[in-house]
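Chain residues, written in single-letter form:
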Amino acid sequence: MGSRSSRLAAWAIALVVGLVYGAAGSLAHASFLGVVPVGLILGVIGAGALVIALRLLTGDRWAALAGGGGIMLATYFFSLPSPGGSVLFTVANEGLALTWMASAPVLTALVVAWPDLSGVRRARSESN
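Attention in this report is confined to the structure presented alongside it. (Residues numbered from 1 in each chain as written. Predicted model: local features only at pLDDT ≥ 70, side-chain atom pairs only at ≥ 80, totals over all residues. Heavy atoms only, no water.)

The number of helices and strands found in the protein is five helices and zero strands. Counting from the amino terminus, helix and strand elements in the protein follow one another as α-α-α-α-α. Along the three orthogonal principal directions, the C-alpha set of the protein runs to about 60 × 35 × 20 Å. Expressed as a percentage of its 128 residues, the buried residues of the protein come to 30%. Pairs at least 24 apart in sequence give 75% of the contacts found in the protein among residues at least 6 apart. Here the protein displays about 7800 Å² of accessible surface, and carbon together with sulfur accounts for 72% of that area. (Helix = DSSP H or I, 4+ residues; strand = E, 2+ residues; numbered from the N terminus. Buried < 20%, exposed > 50% of the residue type's maximum accessible area, 1.4 Å probe, protein only. Contact = heavy atoms within 4.5 Å. Areas by Shrake-Rupley, 256 points an atom, 1.4 Å probe, with all protein chains shown as cover.)

The following block contains the structure:
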């Protein structure tokens with residue numbers, strides 16, 4: 001990636017996108033279509049896709065970490081009781097809520113820790 005300011009801008013944008021996606025996923029995680037929790041399924045797939053896309057598009061682990069961190073911050077914020085006492089993550093859907101809350105850190109850790117294989121591919125293509 002380029003200069004320091006462009007990297008900082010990419011991290012800030014990734015954080016904001018993660019916050020927006022985390023808010024949407026937190027609000028929709030308990031949506032069902034019949035007995036299928038489509039909100040949770042689409043949320044987890046989308047969160048993984050977002051973090052993977054940030055890593056691949058920027059080539060930077062920190063941008064992926066910022067996006068995943070945004071998802072985690074939004075999820076944490078929405079897990080707190082509101083000033084009126086209502087909660088978004090209810091006991092009735094505790095399994096869904098725990099799955100949603102655990103998915104962002106796990107996916108982010110996997111994507112950030114995944115080794116960068118571009119140098120291996122480059123070396124292999126140069127030797128052929």
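Having put the structure on the table, let's press on.
Moving on to the packing of helix H2 (residues 38-58) against helix H4 (residues 94-113). Viewed as axis vectors pointing N to C, H2 and H4 meet at an angle of 20°, and their least axial separation amounts to 10 Å. One element, H2, and the other, H4, form an angle in the roughly parallel class. Here the hand of the crossing between H2 and H4 comes out right-handed. Side by side, H2 and H4 meet where Leu40, Gly43, Val44, Ala47, Gly48, Val51, Ile52 and Arg55 of the first sit next to Leu96, Thr99, Trp100, Ser103, Leu107, Thr108, Val111 and Val112 of the second. By residue class, the composition of the contact of H2 with H4 is 10 nonpolar, five polar and one charged. (Axes fitted to C-alpha atoms, helices over the stretch in contact; angles between N-to-C directions. Parallel < 35°, antiparallel > 145°, perpendicular 65-115°, else oblique. Left-handed = near helix turned anticlockwise from the far one by under 90°. Nonpolar A, V, L, I, M, F, W, Y, C, P; charged D, E, K, R; others polar.)

With that settled, the discussion passes to helix H3 (residues 61-79). An α-helical segment advances 3.6 residues per turn. Residues three or four places apart therefore align on the same side. The end-to-end C-alpha distance of H3, which contains 19 residues, comes to 27 Å, matching closely the 27 Å that a straight helix rising 1.5 Å per residue would cover. Considering only its buried residues, H3 is in contact with helix H1 (4-28), H2 and H4. The N-cap of H3, judged by a side-chain oxygen 3.2 Å from the amide nitrogen of tryptophan 62 a few residues on, is aspartate 60. (Expected span 1.5 Å × (residues − 1). Polar contact = N/O pair within 3.5 Å; in protein donor to acceptor, adjacent residues only side chain to side chain.)

Let's shift gears to the nonpolar core. Among soluble globular proteins, nonpolar side chains are generally buried collectively. Val51, Ala64, Ile71 and Trp100 are the most contacted members of the largest nonpolar core, which has 16 residues in total. Where this core is concerned, the elements lending two or more residues are H2, H3 and H4. Considering every element that reaches this core, the biggest residue donor is H4, with six residues. Tryptophan 100 has contacts with Tyr21, Gly22, Gly25, Ser26, His29, Leu40, Gly43, Val44, Ala47, Ile71, Thr75 and Phe89, leaving out every residue within four places of it along the chain. (Core = buried A, V, L, I, M, F, W, Y, C linked by side-chain atoms within 4.5 Å.)

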